[in-house]
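Residues per chain, in single letters:
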Amino acid sequence: MAEKVPRLVPGVDIRSFKLDPMDGFLMTRIDGKLGPKELGRETGLPDFSVARALEKLEKLGIIQLIDPNAPPPPPPQAPAERKSAIAQFDAGLLAPKYDPKELEEPADLTPEQKKRILDFFYRLDDLDHYTLLGITAEADKKGVKRAYFELAATFHPDRYFKKELGSFKPKMEELFNRITEAHDTLADAATRAEYDAYLAEVATTRGMEAMLERAMAESARAAAEAARAVQAAPPPPVPTAPPQPTGPSPDEIRRRKEALARRLTGGVRPPQASRPPSDKPNPLRYSNPQDAMDALKRRYEDRLESATQAHAQRYVQAAEDALAKNDLVAASTAFNIATKFAPDDVDLAMRAQEVKNLADKLLAESYLKQAQYEERQGHWFEAGRSWQKVAKIRNDAVSHERAANALLHSPEGDLHEAAEHAKQAITLQPGVIENHVTLVEVYLKAGLTASARRAAEAANALDPKHPPLLALLKRLGK
Amino acid sequence: MEKVIGIDLGTTNSCVAIVENGTPVVIPNRGGYKTTPSMVAVTEAGKRLVGHIAKRQAITNAENTVYAAKRLIGRKWNSPQVKNAVATSSYRIVEGPHNDVRIVLRDKEFSVPEISAMVLQEMKVIAEDYLGESVSKAVVTVPAYFNDNQRQATKDAGEIAGLDVIRIINEPTAAALSYGFGRNIEKTVAVYDFGGGTFDISILEIGAHGVFKVIATAGDTFLGGEDIDARIIDWLVSGFKEEHNIDLRQDRMALQRLKDAAEKAKCELSSVRETEVNLPFIISSGRNEALHLQRTLTRQTLEELAEDLVERTVDICKQTLEDAKLGKDEIEEVVLVGGMTRMPKIQSAVQAFFEKEPNKGVHPDEVVALGAAIQGAALVDDKQEMVLLDVTPHALGIMTFGSYFEELIPQNTTVPTHRTKIFTTSRDNQTAVKILVMQGESQRAEENELLGEFILTGLRRAPKGQVEIEVTFEINADGIVSVRAKDLETGLEQSIQVTATSGLTREEIKTMMDNAKDDLVDRRTSEEFEAAKQEAEKLIAEIEKLFPQVQQIVASSDFGRDAIEKARAIVDKARSAIERRDAAAVKEQIEGLTRTHRMFKGVVAKT
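Residues numbered from 1 in each chain as written. Chains lettered and ligands numbered in written order. Predicted model: local features only at pLDDT ≥ 70, side-chain atom pairs only at ≥ 80, totals over all residues.

### Considering the overall build of chain A
Along its length, chain A carries 19 helices and two strands. Classification of the 478 residues of chain A by burial places 32% in the buried group. Counted over contacts in chain A with a minimum sequence separation of 6, partners at least 24 positions apart contribute 60%. (Helix = DSSP H or I, 4+ residues; strand = E, 2+ residues; numbered from the N terminus. Buried ≥ 20, exposed ≤ 12 C-beta atoms within 10 Å, placed from the backbone. Contact = placed C-beta atoms within 7 Å.)

### Quick look at the overall build of chain B
When helices and strands are tallied, chain B shows 14 helices and 30 strands. Taking all 607 residues of chain B together, the buried fraction comes to 47%. Sequence-distant contacts, at least 24 apart, represent 68% of the contacts inside chain B between residues at least 6 apart.

### Description of the sheet that holds strand β13 (residues 187-194) of chain B
Residues and elements named next belong to chain B. Judged by pairing direction, the sheet is mixed, and its five strands sit side by side in the order β18-β13-β14-β15-β19 without closing on themselves. Sheet topology places β18 (333-337) and β19 (387-389) at the edges, where each strand pairs with a single neighbour. Each adjacent strand pair in this sheet contributes to an overall mean axis angle of 25 degrees, direction not counted. Looking at chain direction, strand β15 (residues 211-220) and β19 are connected through three bridges and run parallel. Following the sheet pairing, Val211 is matched in β19 by Val387. (Pairing = 2+ DSSP bridges. Axes fitted to C-alpha atoms, helices over the stretch in contact; angles between N-to-C directions.)

### Here we look at helix α8 (residues 168-187) of chain A
With 20 residues, α8 of chain A extends 28 Å between its outermost C-alpha atoms, agreeing within 8% with the 28 Å of an ideal straight helix rising 1.5 Å per residue. Within α8 of chain A, burial applies to Phe168, Lys171, Met172, Glu173, Leu175, Phe176, Ile179, Thr180, Ala182, His183 and Leu186 of chain A. (Expected span 1.5 Å × (residues − 1).)

### Considerations on the pairing of β13 of chain B
Each regular strand displays side chains that alternate between the two surfaces of the sheet. All names here are of chain B. Counting buried residues in β13 gives six out of eight residues, a clear majority hidden from the surface. Pairing of β13 with strand β14 (residues 199-207) involves eight bridges; the strand directions are antiparallel. Within β14, the residue paired with Val189 across the bridge is Leu204. Hairpin connection, β13 to β14: the antiparallel pair is bridged by four residues.

### Some points on unusual backbone geometry
Residues and elements named next belong to chain B. Omega for the peptide link from Val415 to Pro416 comes to 0 degrees, which places this bond in the cis form. One can find Pro416 in the loop between β23 (413-414) and β24 (417-425). One non-glycine residue, Arg106, lies in the positive phi region at around 50 degrees. Judged by the 14 C-beta atoms lying within 10 Å of it, Arg106 is partly exposed. In this structure, Asn245 takes a positive phi of about 55 degrees despite not being glycine. On the secondary structure map, Asn245 appears in the loop between α6 (225-244) and α7 (252-268).

### Considerations on the interface of chain B and chain A
Taken together, the contacts link 24 residues of chain B with 20 residues of chain A. Contributions of two or more residues to the side of chain B that touches chain A are made by β14, α10 (367-380), β19 and β24 of chain B. Counting residues per element, the side of chain B that touches chain A draws most heavily on β19 of chain B, which supplies three residues. For the side of chain B that touches chain A, the per-class residue count stands at 11 nonpolar, 10 polar and three charged. (Nonpolar A, V, L, I, M, F, W, Y, C, P; charged D, E, K, R; others polar.)

### Things to note about the sheet that holds strand β8 (residues 92-95) of chain B
All names here are of chain B. One open sheet holds the three strands; their spatial order is β8-β9-β10, and the pairing between them is antiparallel. Only two strands of the sheet have a single partner each, and these edge strands are β8 and β10 (108-111). If you compare each strand with its neighbour and ignore which way they point, the axes differ by 40 degrees on average. Inspection of the sheet shows strand β9 (residues 101-105) paired to β10 by four bridges, in the antiparallel sense. In the sheet register, Ile103 faces β10, and the bridge partner there is Phe110. Against the sheet, helix α3 (residues 112-131) makes contact with β9 and β10, and its axis sits at roughly 80 degrees relative to β10, the strand it touches most.

### Quick notes on the packing of helix α13 (residues 346-376) of chain A against helix α14 (residues 380-394) of chain A
Packed helices, taken two at a time, are described by the angle their axes make and the gap between the axes. Residue and element names in this part refer to chain A. Axis separation between α13 and α14 bottoms out at 8 Å; the angle between their running directions is 155 degrees. With respect to each other, α13 and α14 are oriented roughly antiparallel. Seen from above, α13 lies across α14 with left-handed handedness. For the pair α13 and α14, contact is made by Asp360, Leu363, Ala364, Tyr367, Leu368, Gln370, Ala371, Glu374 and Glu375 and by Glu382, Ala383, Ser386, Trp387, Lys389, Val390, Ile393 and Arg394, respectively. Within the contact of α13 with α14, the residues separate by chemical class into nine nonpolar, two polar and six charged. (Parallel < 35°, antiparallel > 145°, perpendicular 65-115°, else oblique. Left-handed = near helix turned anticlockwise from the far one by under 90°.)

### Quick word on the packing of α6 of chain B against α7 of chain B
Residue and element names in this part refer to chain B. Contact geometry for α6 and α7: axes closest at 9 Å, N-to-C directions at 115 degrees. Pair α6 / α7 crosses with right-handed handedness. Counting all contacts with α6, which are made through Ile228, Asp229, Ile232, Ile233, Leu236 and Val237, the residues of α7 involved are Leu258, Lys259, Ala262, Glu263, Ala265 and Lys266.

### Regarding the confidence of the model for chain B
All names here are of chain B. Taken residue by residue, chain B gives an average pLDDT of 87. The fraction at 70 or more is 95%. Within chain B, strand β30 (residues 521-523) has the poorest average pLDDT of any element, 48, and strand β1 (residues 4-8) the best, 97. Note that pLDDT drops below 50 for residues 500-506; the model gives that stretch 23 contacts with residues more than four away or on any other chain. Across residues 516-520, confidence stays below pLDDT 50; counting only partners more than four residues off in sequence or on other chains, it has 12 contacts. Across the interface, the model reports ipTM at 0.71; the global pTM reads 0.64. (pLDDT = per-residue confidence, 0-100.)

### Observations regarding the confidence of the model for chain A
Residue and element names in this part refer to chain A. When pLDDT is averaged along chain A, the result is 74; 70% of the residues meet or exceed 70. Confidence drops under a pLDDT of 50 for residues 73-94, and excluding neighbours within four residues, the segment shows 27 contacts in the predicted structure. With pLDDT under 50 throughout, residues 234-247 is counted as low confidence; its partners more than four residues away or in other chains account for 11 contacts.

### Overview of the environment of Tyr367 of chain A
All names here are of chain A. Tracing the backbone through its elements, the reader meets Tyr367 in helix α13. Overall, Tyr367 belongs to the buried group, with 26 C-beta atoms counted inside 10 Å. Taking the C-alpha atoms as reference points, Tyr367 and Ser386, 19 residues apart in sequence, are found 5.4 Å from one another. For Tyr367, the contacting residues outside a window of four places in its chain are Thr205, Ser386, Lys389 and Val390.

### So, the pairing of β14 of chain B
Residue and element names in this part refer to chain B. Of all nine residues in β14, nine are buried, a share of seventy percent or more. When β14 meets β15, the two strands line up antiparallel, connected through nine bridges. The partner of Ile201 across the bridge, within β15, is Ala218. The turn linking β14 back onto β15 is made up of three residues, and His209 within it adopts a positive phi angle of 60 degrees.

Encoded structure:
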């Protein structure tokens, strides 16, 4: 019997699953024809990783293993959606990040090998140690080693000894470096625990960021829904008819206009002066159009309110549920949406703010831990980013100063932002000389000598004997 | 496909192997022996002899026969190891022009790589005779603990012998390759390699896809069978002196005979419990009377003589396991390599330490050459699925202000690799930094091996600590180290590829270091240290200010003098901690300084 090949189960919304980029990448190559071996070749992933990923996908019900000669699956129920989900993966992760021209560089490598090297190399920044090795977070030490050995056997420069590799050689050495770093980190229980803690923090903040984004989308949707509610309610009190998407005939419009006018004015309009008595008495009669308009507006608002209140209530309930589960972030998100539906509910707003503060505190703590780990690893750029996030939430002098400092040390750091942070730190704690010194250093690095001098003078007023300041003053030529 | 031979260039014996049709085989020499003595001699007629012939004539031509040249390769003339060799060798060792070592044979001076080249050439010829074609590529093994200079000198020797040494690999690693080759196993293995001149221990992981990953390696390049021979010679010489009051060491021929006898006795005692050392007519006395040496050596005596050497190997094993972060129980196999592992005492010591019976499935004299051949084949043959992930046996780094060694690449780092650190200038208006590239484990720079140096100039004039210099070390797959220094402000950079130094003396290195002191880079100050330093310096300044007053007040009493002395000591300690830039130590001293300061203030206030 032929080897079974994986096939995507039709109609599954993969966005609901926790998949890593490697899984997504693999899925884009699953076409119901390629077996695991061919998939490995196609994707450039080690066989071991392919097998692992397939096993996971099958367990999740995303794919099924079928006989390649079996009849093709029935047409998927929601082909458009599935396609777009995959397309998302495709666009975000799989579009080659390298310039295809790089494949043309002559080297003693097959096109597949070149592709694989470039694919991995340009994706290095996005991959955590586990994904890089193609293993799950549950993999034991043996699993880590096995995966590492497989990759090492592929990427060790000795495999291409004395071959002409051109610019691929340093790339392979970098790849080898990274997989070795991943292995060394994960193979040791202590460093692995430290790394896992860091990843967990990253995941928390990423999850929170995603939630915030979703919250924003929900809010937008809420606004749209409110608009729809308006449409469903009597049209706004304007003399002209609201634009109809389906485009009623001009006659129809005219008729409606007249009917509306009738209802609004209680039939005072001349063309229909007399109404048949069989007409139900209109409960609302207004002496003039202005009163009628006001009443209509009120009614419209009442109706809107009852609609939005139901929404708000739903989100408040969700928030309370999340709170009960101690999921502060989800709670905050839900409250945030609820306030969008009930903007005038002061109690709700206060409650939402309160929960948001708690969630922010959590988020800030998480970013703080990340920043500290990144600082320890000497990853200044990342540390700068994390400190900036802490500073944004906490808005305290220390985080601002650390953010400025990290940006200052990072070769890619934005000095303008660094200066802003240093200034903010000074505003918050004008008496701390370190904040001033950091600002001087930022100005100096940016080449703004005059500003640096001014900042240094301010620091000088605080403590003229501060050694780092003295050094800076000397550097400023004083 | 071009053939690559694997050569185990040993201290006492060498061996050559090749992979034929996927199977590694040892190539026997013309005499049918699988190993060839690493001996070189020049006859009276000026003929050069290598291997067994050299060994056979050694006694009659002791002064012109070189053995154990490997112990001298890549070493400096005034190193203790060379001093020791000068005292105990029967051939003449003299100082070369670059403080390197030269060997005199029939009034002609040879460098050590030249001598080793003669042995390598012999191995090349053995292989060519066997294969019936010329051979130009080789993988040569060295002790794992060889430093860069020793490796480079070995490579030079290959070049002199007309061989392209495509790779230098470590002996225990080679042994592991041979042990694990084609067996498709997943195991953590310790290779205990006790050879003629060196001792090495390596711990490796053998995994799927033919991957061999070295986890840790350590050793002693001056601990081997030769040292055990020397103990036996000492024992024989001192016994003879007691009996006849004659020092046999004065006679080079006698010494060579003693050496032969000692080695023979040592080997015999691996299988028998006692042996007779019988050297008739070893020397003649003052009255022209021939004297004979005849003594019985028991295995027990030999074990006593060698005890501390064996213990040393066990200590190194222990340290290596710690470096590898592995427990004894995680070592699944212990492989014995090198002639010395035939000694029952060594086998039992290894077994006792690792708590498991060592594997004796590999031939201790041939396994290293076989491994070298396997690595050679794996490099040139795409079909061979085998990759060796080796480590750097010594830490690499640079010398920083205050003669400290700042490590960039730690010991046992898998290669290829690269590491970067940022340093700053160490004095005001420093416009150039000198980067001294060093190898070793000591915190004190001068105790490590200097590999090379270069200067980065054109730095901006600025107070110390302001200009940042990024230093990057890189080791590529061929084991070649390159170092780059970059001025982060201007982007200017300088780099070198490290090759062996041209034989600088310790003094020269010392002078070079002294001269370079002003131009050294400084470790980037950590904020923690800076804070502690400031606090400590403030306290020291205040204490110093109070000193004269306090001295005046309390000097009359013994107690007072004692207190002042103690205060002095605390201040000195704090100062030296600041000088060492040791943040923890400075912090520790702050408490003492604070107390002293308070006490001083109290004394002054009372008067």
